[in-house]
Number of protein chains: 2
Amino acid sequence: MFRTLLAVLAVCVLAGATTQATAQADALPSWNEGPAKARILAFVQAVTEPGGKSHVPPADRIAVFDNDGTLWSEQPAYFQLMFAIDRVKALAPRHPEWKTQQPFKAVLDGDMKALAASGEKGLLQLVMATHAGMTSEEFDATVRQWLATAKHPTLKRPYTELVFQPMLELLAYLRAQGFRTYIVSGGGVEFLRVFAQERYGIPPEQVIGSSIKTKYELRDGKPAIVRLAEIDFIDDKAGKPVGIHKFIGKRPIAAFGNSDGDFQMLEWTTSGPGPSLGVIVRHDDAAREFAYDRNSSIGRLARGLDEAPARGWTVLSVRSDWKQVYPAAAR
Amino acid sequence: MFRTLLAVLAVCVLAGATTQATAQADALPSWNEGPAKARILAFVQAVTEPGGKSHVPPADRIAVFDNDGTLWSEQPAYFQLMFAIDRVKALAPRHPEWKTQQPFKAVLDGDMKALAASGEKGLLQLVMATHAGMTSEEFDATVRQWLATAKHPTLKRPYTELVFQPMLELLAYLRAQGFRTYIVSGGGVEFLRVFAQERYGIPPEQVIGSSIKTKYELRDGKPAIVRLAEIDFIDDKAGKPVGIHKFIGKRPIAAFGNSDGDFQMLEWTTSGPGPSLGVIVRHDDAAREFAYDRNSSIGRLARGLDEAPARGWTVLSVRSDWKQVYPAAAR
C-alpha cells in the first residue's frame with residue numbers, strides 16, 4: 001500500500017511538472033525572437049506578476065485590437081467591401097436601375113476605378129443597399145453564407161483563413177494571462193460578430209465597430225431587430241476611444257493596430273496612469289502578404305510610423321517578426 | 001495503509017457532501033417561499049442542469065436587469081433627477097440667469113410642480129446643464145462625491161443603500177450559476193457605472209443605459225473623453241432591445257423589470273427559441289417602500305400587469321415576496 005501512495009504522489013508531482021513545463025512553453029511559436037515579441041512578453045509578465053509594482057488586476061487587463069490589417073488582411077480592399085460588392089451582384093436582378101446608377105454600375109461592370117471615384121458617398125450607398133433593410137438575423141445568415149463560400153481574389157483562400165496566425169496566438173496568450181480581448185474596428189460590428197467568436201475566440205459583446213441604426217419592431221407578430229439605412233456610429237480614428245469608452249467604460253492597457261485609423265486608440269491606451277503597451281503591425285512583406293504604408297489608400301500608416309519611437313510604441317514587421325503569416329490551410 | 005486510503009476516501013466523500021450542502025443552502029434568503037422564488041429557482045435549475053433538455057451553455061446565460069425600480073427605488077423621483085437637481089443648486093452661483101429661467105427657476109425655488117410642467121424639454125435642459133461639458137473623469141468624480149453625501153428626502157439614507165437586498169442576492173446567485181448579469185436602464189450609463197461595480201458587482205462593460213454623445217480630444221495636451229450636450233441613445237421601451245443588441249449582440253434568456261418601459265425588453269427576451277424567464281417587480285408595499293403602478297408618472301406599470309399572465313411572465317410582489325427590502329444600514 002505504501003507503493004500505492006508513492007505512486008499517487010509521483011503522479012501528483014509529475015502533473016505539477018507538466019503544468020509548469022506547459023506554462024514555460026513558447027506561447028507565441030509563430031513569432032520570431034526579436035524586440036516585438038520580447039516587448040510583449042515583458043509587458044504581460046510585468047502586469048501579471050503577483051505583488052509586482054506594475055501589477056494590474058484581471059478586471060483591468062483589457063486589450064483592444066483593430067481588425068482589418070491587424071487581425072486579418074485588408075488588401076486589395078477591405079474584406080467587408082468585397083462582401084458588399086458580391087451582395088450587389090447577387091441583388092442586381094431585383095434592381096434593374098443599378099445598371100445605369102453609380103456606384104452600382106461600377107460594381108456590376110467590375111470597374112474599381114469608377115467605384116473609387118464615387119468616394120465616401122458612393123461607399124455609403126453601397127453599404128446601405130447591402131447592409132440595411134433586413135432583420136439582424138437575416139443579415140447574420142447572409143454574412144455567414146458568404147464567408148463559407150467566398151474566396152480572396154488573389155490568395156484564393158476563404159477570407160476567414162486570412163487571419164494572422166501570430167495574432168491568434170497572441171489573443172489566446174493574453175486571455176490565458178487574464179486579459180479580456182476586444183475588437184475595436186472601423187468595420188461593421190454585426191459583420192464582425194458573425195465570425196469573431198469562431199475565428200478569434202472573441203464573443204459578440206467584446207466586438208466594437210461601426211454601426212447603422214436599428215429598430216425594434218414586430219414583424220408578422222414576431223419581435224425583430226431591423227437594420228436601418230442610417231449611420232449610427234463610425235468607429236474610426238477619434239471614434240475609437242469614444243467607442244471604447246461607450247462600450248467598455250474603462251481605458252485599455254494594451255492596444256494593437258496597423259494604420260493611422262488606430263492612432264487615437266493607441267494614444268488613449270498609452271496615456272493612462274499605469275503601465276501600457278502600444279503595438280503597430282507594419283505590412284512590409286509583399287512575398288507572403290502585402291507591403292504598404294504611407295501611400296496606401298487602404299490602411300495608410302504615416303503618423304504612426306513617425307511618432308511611434310517618441311511615444312514608446314512598438315512597430316512590428318510582418319517580414320521579420322512573424323515566422324508564419326496565415327494558419328495552415330484547412331483541409 | 002488501507003486505513004489511510006479509507007481516510008482519504010472519507011475526506012473526499014465528506015468534501016463532496018459539503019459542496020452539495022452549500023449548493024443546497026438558500027441562495028435567496030431575503031425571498032419568501034412562494035411562486036416568484038420557486039419560478040426563478042426552477043428556471044435556473046433547468047438551464048444549468050448538465051445534459052438537461054433545457055440546458056443553456058454559460059456563454060449564453062445572459063440576464064438583463066432594469067435599474068430604477070428593479071434594483072433600487074425610484075420614488076418620489078428617479079435618483080438621477082435628484083442628482084441633477086442638486087447639481088443645479090451647486091452650479092447656480094455661476095449661472096445668475098437661472099433665477100428667472102425655466103426649468104432652472106423651478107429647481108431653485110423647489111417648485112416640483114413647475115418642474116414637471118416643463119416636461120421632457122425641461123428635463124433635457126436640466127440633464128444637459130448638469131451632465132455635459134466636462135470630461136468623463138470629472139463627471140465620474142462629481143457623481144461619486146454626490147453618492148457619498150446625498151440622502152433620500154424621506155428615507156434619510158444614502159441612495160446607494162436603497163438597493164433591494166433580494167435583488168442583490170439574485171444577482172450573486174445568477175453569477176454563481178454561470179450567468180452574466182447586465183443592467184439595461186433608461187438612466188444614464190455613465191451615472192450608473194460609477195456605483196454598479198461596488199453595489200451590484202456589475203462591471204462597467206455590463207452596464208447599458210441612455211447616453212449623450214462624447215468626443216475624444218486633447219485638453220492641455222492630455223487625451224480626454226468630453227461629454228457633449230447632445231443625446232446619443234435613449235435606452236427605454238423599444239430602445240432596450242436595441243441597446244441589448246448593440247452592446248451584447250445576443251438575446252438574453254432572463255429579464256427583470258418593473259415598469260412598462262421594460263415591456264419590450266421582456267418581450268424580446270421571452271420570445272427567443274429556447275427557455276426564458278420574464279419577471280416584473282410590482283411595487284405594492286407602501287409601508288416598507290412605495291406603492292404605485294397604473295397611475296404613477298414614474299415607473300408606470302399597466303400593460304405589463306395586463307399581459308404578464310398570458311405571456312408567462314412572473315409578477316412578484318414586494319409586499320409578499322420579499323422578507324426584507326433594503327440591506328441593513330451601513331454603520
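Nothing here was measured: the structure is a model prediction, and the numbers come from that model.

Caption draft 1: Representation of the relation of the copies chain B and chain A in the model. Once turned by 180 degrees and shifted 0.0 Å along the axis, chain B lies on chain A with an RMSD of 0.0 Å. When the rotation and shift are considered jointly, the pair of chain copies conforms to a two-fold rotation axis. Most of the interface of chain B is mirrored in chain A: 97% of its interface residues are interface residues there too.

Caption draft 2: Structural detail: the packing of aromatic side chains. Following the criterion strictly, the structure yields 35 aromatic pairs over all chains and no others. Both rings, one in B:F79 and one in B:Y159, keep their centres 4.6 Å apart while their planes meet at 55 degrees; by these two values the pair is tilted. On the criterion of sequence distance, the pair formed by B:F79 in helix α3 (residues 79-91) and B:Y159 in the loop between α7 (136-149) and α8 (165-176) is long-range, its members being 80 residues apart. An identical accessibility class is assigned to B:F79 and B:Y159; each is buried. An aromatic cluster of at least three residues, connected via ring pairs, comprises A:W72, A:F79, A:F83, A:F139, A:W146, A:Y159, A:F191, A:F195 and A:Y200. In this arrangement the basic side chain of A:R251 is found over the ring face of A:W268, its NZ or CZ atom lying 3.7 Å from the centre.

Caption draft 3: Spotlight on the pairing of strand β5 (residues 254-257) of chain B. Residue and element names in this part refer to chain B. Going residue by residue along β5, you find A254 and F256 tucked away on one face and A255 and G257 tucked away on the opposite face as well. Where strand β1 (residues 62-65) and β5 come together, 3 bridges link them in parallel fashion. Along β5, the bridge assignment pairs A63 with A254. On the question of chirality, the crossover connecting β5 to the parallel strand β6 (residues 277-282) by way of helix α11 (residues 263-269) is right-handed.

Caption draft 4: Representation of the pattern of salt bridges within the structure. According to the stated counting rule, one finds 44 salt bridges over all chains in the structure shown. Where A:R180 meets B:E205, a salt bridge forms, and the shortest distance between an N and an O atom there is 2.1 Å. Placement of the pair is A:R180 in strand β2 (residues 180-188) and B:E205 in the loop between α9 (189-200) and β3 (207-219), with the two residues belonging to separate chains. Each member of the pair, A:R180 together with B:E205, is buried.

Caption draft 5: Representation of the pairing of strand β7 (residues 314-317) of chain A in the model. All names here are of chain A. Where strand β6 (residues 277-282) and β7 come together, 4 bridges link them in parallel fashion. Bridging across to β7, V281 finds its partner in L316. One crossover worth recording links β6 to the parallel β7 by way of helix α12 (residues 303-311), and it is right-handed.

Caption draft 6: Spatial organisation of the sheet that holds strand β2 (residues 180-188) of chain B. Residues and elements named next belong to chain B. Taken together, the 7 strands give an open sheet; going across it, the order is β4-β3-β2-β1-β5-β6-β7, and neighbouring strands pair in mixed fashion. Bordering the open sheet on either side are β4 (222-233) and β7 (314-317), each of which pairs with just one other strand. Here the average twist between neighbouring strands, direction ignored, is 35 degrees. Pairing of β1 with β2, which is carried by 4 bridges, proceeds in the parallel orientation. Bridged to A63 within β2 is T181. Contacts from helix α6 (residues 119-131) reach β3 and β4, with the element oriented near 180 degrees to β4. Along the sheet face, α9 touches β2, β3 and β4 and points at about 145 degrees away from the line of β2.

Caption draft 7: Quick look at the interface of chain B and chain A. In this complex, chain B contributes 34 residues to the contact, which on the side of chain A involves 33 residues. In this assembly, chain B packs against chain A so that about 3,100 Å² is buried in total across both faces, 59% of it on carbon and sulfur atoms. Considering only the side of chain B, the residues that lose the most area to chain A are B:E205, B:Y216 and B:H245, jointly responsible for 21% of the buried surface there. Counting across the interface, chain B meets chain A through 6 salt bridges. Two residues, B:K246 and A:D232, come together in a salt bridge whose shortest N-O distance is 3.0 Å. If you look at where chain B meets chain A, you find 16 residue pairs in polar contact (both at pLDDT 80 or more). Among the elements of the structure, α1 (2-24), α7, β2, α9, β3, β4, α10 (239-247) and α11 of chain B are those that each provide at least two residues to the side of chain B that touches chain A. Sorting elements by how many residues they give to the side of chain B that touches chain A places α10(B) first, with 5 residues. Its residues assigned to classes, the side of chain B that touches chain A shows 16 nonpolar, 7 polar and 11 charged.

Caption draft 8: How the structure looks around the sheet that holds β7(A). All names here are of chain A. Read from one edge to the other, the open sheet built from 7 strands follows the order β4-β3-β2-β1-β5-β6-β7, with strand pairing classed as mixed. The open sheet terminates on both sides in strands that have one partner only, identified here as β4 (222-233) and β7. Between one strand axis and the next, the sheet turns through 35 degrees on average, direction left out of account. Sheet strands in contact with helix α6 (residues 119-131) are β3 (207-219) and β4, and its direction is about 180 degrees off that of β4.

Reading the values: the criteria
Along each chain, residue indices are assigned from 1 in the same order as the chain's sequence is written. Chains and ligands are labelled by the order in which they are written, letters from A for the one and numbers from 1 for the other. The predicted origin of the model limits local features to residues at a pLDDT of at least 70 and limits the giving and counting of side-chain atom pairs to 80 or more, whereas totals for whole chains, interfaces and linings rest on all residues. Excluded from the side-chain calculations are hydrogens and water; all other atoms, namely the structure's heavy atoms, are used. Alignment of copies: least-squares fit on C-alpha atoms of residues with pLDDT of at least 70 in both copies. Two residues form a contact once any of their heavy atoms are found within 4.5 Å. The pairing test for Phe, Tyr and Trp rings, Trp by its six-membered ring, is centres within 6.5 Å, and the orientation test on the planes gives stacked under 30 degrees, edge-to-face over 60, and tilted for anything in between. Numbered from the N terminus, helices here are DSSP runs of H or I no shorter than four residues, and strands are runs of E no shorter than two. Burial classes follow relative accessibility: with a 1.4 Å probe on protein chains only, a residue under 20% of its type's maximum area counts as buried, one over 50% as exposed, and anything between as partly exposed. A ring is considered to have a charge above it if a Lys NZ or an Arg CZ atom is located within 6 Å of its centre and within 35 degrees of its normal. Pairing between strands requires that DSSP locate at least two bridges from one strand to the other. If the strands point away from the viewer and the path from the first strand over the helix to the second runs clockwise, then the crossover is right-handed. For this analysis, a salt bridge means a side-chain nitrogen from Lys or Arg found within 4 Å of a carboxyl oxygen belonging to Asp or Glu. Each axis is a line fitted through C-alpha atoms, and for a helix only the stretch in contact is used; angles between axes span 0 to 180 degrees, taken between their N-to-C directions. Here the quantity called buried area is the total loss of accessible area, with a 1.4 Å probe, experienced by two parts when brought into contact, counted for both. Whenever two N or O atoms come within 3.5 Å, that pair is a polar contact, provided that in protein one can donate a hydrogen and the other can accept it, and provided that, for residues adjacent in sequence, both atoms are side-chain atoms. Each residue is assigned to one of three groups, with Ala, Val, Leu, Ile, Met, Phe, Trp, Tyr, Cys and Pro labelled nonpolar, Asp, Glu, Lys and Arg labelled charged, and all others, Gly among them, labelled polar.

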